[in-house]
Amino acid sequence: MANSAADRKIKQVIAIMSGKGGVGKSLVTGLLAVSLRRQGQRVGVLDGDITGPSIARMFGTKGQPTKSPNGGIEPLVSKGGIKIMSMNMFLERESDPVVWRGPMVSSAIKQFYSDVDWGELDYLLVDLPPGTSDAPMTVMQALPVDGVVIVSSPQMLATMIVMKCINMVRQLKGLIVGVVENMAYFETPNGERYEIFGPSNGTELVSMTGAPLLGHLPIDPSLTTLCDSGRVEEYYAEAYEELAGNFVNTLKIKR
Ligand SMILES: Nc1ncnc2c1ncn2[C@@H]1O[C@H](COP(=O)(O)OP(=O)(O)OP(=O)(O)O)[C@@H](O)[C@H]1O
């Protein structure tokens with residue numbers, strides 16, 4: 001093993017989860033990594049969405065990972081210095097499908113943790129596909145996860161499905177660090193706020209999890225363009241700096 005749980009070269013392994021797809025989990029993972037890096041933290045992102053990876057594209061990391069001097073796999077490094085491992089890096093074309101059954105997905109996730117030479121990290125963020133199937137189970141059971149961040153959006157349906165994810169984390173004795181409410185509102189240039197997906201349910205999420213609300217994030221159309229062109233690190237918004245600050249402080253308290 002190039003990097004085992006025992007040596008704790010990675011100080012905190014944090015899984016980012018949601019029960020429902022499309023709530024912005026990958027985006028929150030990416031931007032949390034960017035804000036933590038801006039604070040001077042050593043950060044890695046493991047894209048645990050093996051069949052639908054999006055992290056590499058968001059950061060514009062191209063090329064195949066190489067062998068590291070000590071025999072592990074060298075992760076790709078973003079412009080801002082974030083280490084990244086994603087299934088897309090192993091595909092000839094980005095659009096090639098990964099048609100794998102659960103055991104192969106689980107095996108890839110384990111290898112992305114143990115065979116990748118992550119080096120010394122303050123945070124390894126693990127972006128997971130939605131739901132409670134193989135990938136989230138593998139991460140919770142086979143990786144030394146220190147905490148879970150739950151991402152949701154204000155729709156009631158999203159909250160209901162997110163509850164399944166919360167229950168899974170509890171069943172597997174995981175620690176929920178906090179919740180993030182994404183796509184909570186849209187703010188016009190003259191400061192008017194619209195709750196496009198309905199009223200905030202952050203308070204409900206907090207009472208469901210017993211964990212703090214780490215972030216209440218706006219919808220920002222400019223994000224899609226930046227993510228699609230691999231320039232997520234150029235994005236700056238106060239809401240994400242606050243998210244990173246709350247995340248670091250909450251972990252300090254829970255440790
Ligand atoms: N706050 C936001 N403002 C604007 N666009 C957003 C926001 N959050 C997410 N998006 C966009 O919504 C889309 C879905 O986001 P993302 O891929 O992060 O969701 P996900 O929950 O990881 O989805 P998946 O089901 O693939 O796991 C992306 O195009 C992303 O750029």
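Residues numbered from 1 in each chain as written. Predicted model: local features only at pLDDT ≥ 70, side-chain atom pairs only at ≥ 80, totals over all residues.

As named in an unreviewed UniProt entry, the chain is Iron-sulfur cluster carrier protein, taken from Ktedonosporobacter rubrisoli. Recorded in UniProt under Function (unreviewed entry), the annotation for the chain is "Binds and transfers iron-sulfur (Fe-S) clusters to target apoproteins. Can hydrolyze ATP." Comment text from UniProt for the chain, heading Subunit (unreviewed entry), reads "Homodimer." (UniProt positions renumbered as here; feature names shortened; annotations may be inferred.)

(A) A look at the packing of helix α3 (residues 102-114) against helix α4 (residues 134-142). Remark: α3 packs on α4, axes separated minimally by 9 Å, with the N-to-C direction vectors making an angle of 40°. The orientation of α3 relative to α4 falls into the category oblique. For the pair α3 and α4, the sense of crossing is right-handed. Contacts between α3 and α4 involve Gly102, Val105, Ser106, Ile109 and Lys110 from the first element and Asp134, Ala135, Thr138, Val139 and Ala142 from the second. Looking at the contact of α3 with α4 residue by residue, the classes come out as 5 nonpolar, 3 polar and 2 charged. (Axes fitted to C-alpha atoms, helices over the stretch in contact; angles between N-to-C directions. Helix = DSSP H or I, 4+ residues; strand = E, 2+ residues; numbered from the N terminus. Parallel < 35°, antiparallel > 145°, perpendicular 65-115°, else oblique. Left-handed = near helix turned anticlockwise from the far one by under 90°. Contact = placed C-beta atoms within 7 Å. Nonpolar A, V, L, I, M, F, W, Y, C, P; charged D, E, K, R; others polar.)

(B) Inspection of the site of the ligand at higher detail. The immediate surroundings of the ligand are formed by 21 residues, with Gly21, Gly24, Lys25, Ser26 and Leu27 found nearest. Breaking the shell around the ligand down by element, the ones donating at least two residues are α1 (25-38), β7 (176-187) and α7 (222-228). Class assignment for the residues of the shell around the ligand results in 9 nonpolar, 9 polar and 3 charged. (Near = placed C-beta within 6 Å.)

(C) Structural detail: α1. An ideal rise of 1.5 Å per residue puts 20 Å on 14 residues; α1 measures up with 20 Å between its terminal C-alpha atoms. When you tally the buried positions in α1, you get 12 out of 14 residues, the bulk of the element. Three or more residues of α1 are buried, namely Lys25, Ser26, Leu27, Val28, Thr29, Gly30, Leu31, Leu32, Ala33, Val34, Ser35 and Leu36. (Expected span 1.5 Å × (residues − 1). Buried ≥ 20, exposed ≤ 12 C-beta atoms within 10 Å, placed from the backbone.)

(D) Looking closely at the nonpolar core. Core analysis: the biggest nonpolar cluster contains 69 residues, and Ile16, Leu32, Leu125, Val126, Val139, Val148 and Ile150 have the highest contact counts within it. Not counting residues within four places of it along the chain, the set of residues in contact with isoleucine 150 comprises Met17, Ser18, Val162, Cys165, Ile166, Ile176, Val179 and Thr209. (Core = buried A, V, L, I, M, F, W, Y, C linked by C-beta atoms within 7 Å.)

(E) Up close: the confidence of the model for the chain. On average, residues of the chain score 88 in pLDDT, and 95% of them are at 70 or above. Within the model, the stretch residues 1-6 combines pLDDT values under 50 with 16 contacts to residues more than four positions away or in other chains. (pLDDT = per-residue confidence, 0-100.)

(F) Spatial organisation of the environment of arginine 170. Topologically, arginine 170 is positioned in helix α5 (residues 156-171). What makes arginine 170 partly exposed here is the crowd of 14 C-beta atoms within 10 Å. Each C-alpha atom, one on arginine 170 and one on isoleucine 16, is 15 Å from the other, the two residues being 154 residues apart in sequence.

(G) Local environment of the UniProt feature "binding site: ATP" (unreviewed entry) in the chain. In the numbering used here, UniProt assigns the "binding site: ATP" (unreviewed entry) feature to Gly19, Lys20, Gly21, Gly22, Val23, Gly24, Lys25 and Ser26. Considering the arrangement of structural elements, one finds lysine 20 in the loop between β1 (10-17) and α1. For lysine 20, a count of 20 C-beta atoms within 10 Å gives the class buried. With sequence-adjacent residues up to four places away left out, lysine 20 is seen in contact with Pro130, Ala158, Ile161 and Val162. Looking at the element boundaries, glycine 22 is found in the loop between β1 and α1.

(H) Focus on the pairing of strand β5 (residues 121-127). With 5 of 7 residues buried, β5 is to be regarded as a mostly interior element. As paired strands, strand β2 (residues 43-47) and β5 are joined by 5 bridges and run parallel to one another. Note on β5: the bridge partner recorded for glycine 44 is leucine 124. (Pairing = 2+ DSSP bridges.)

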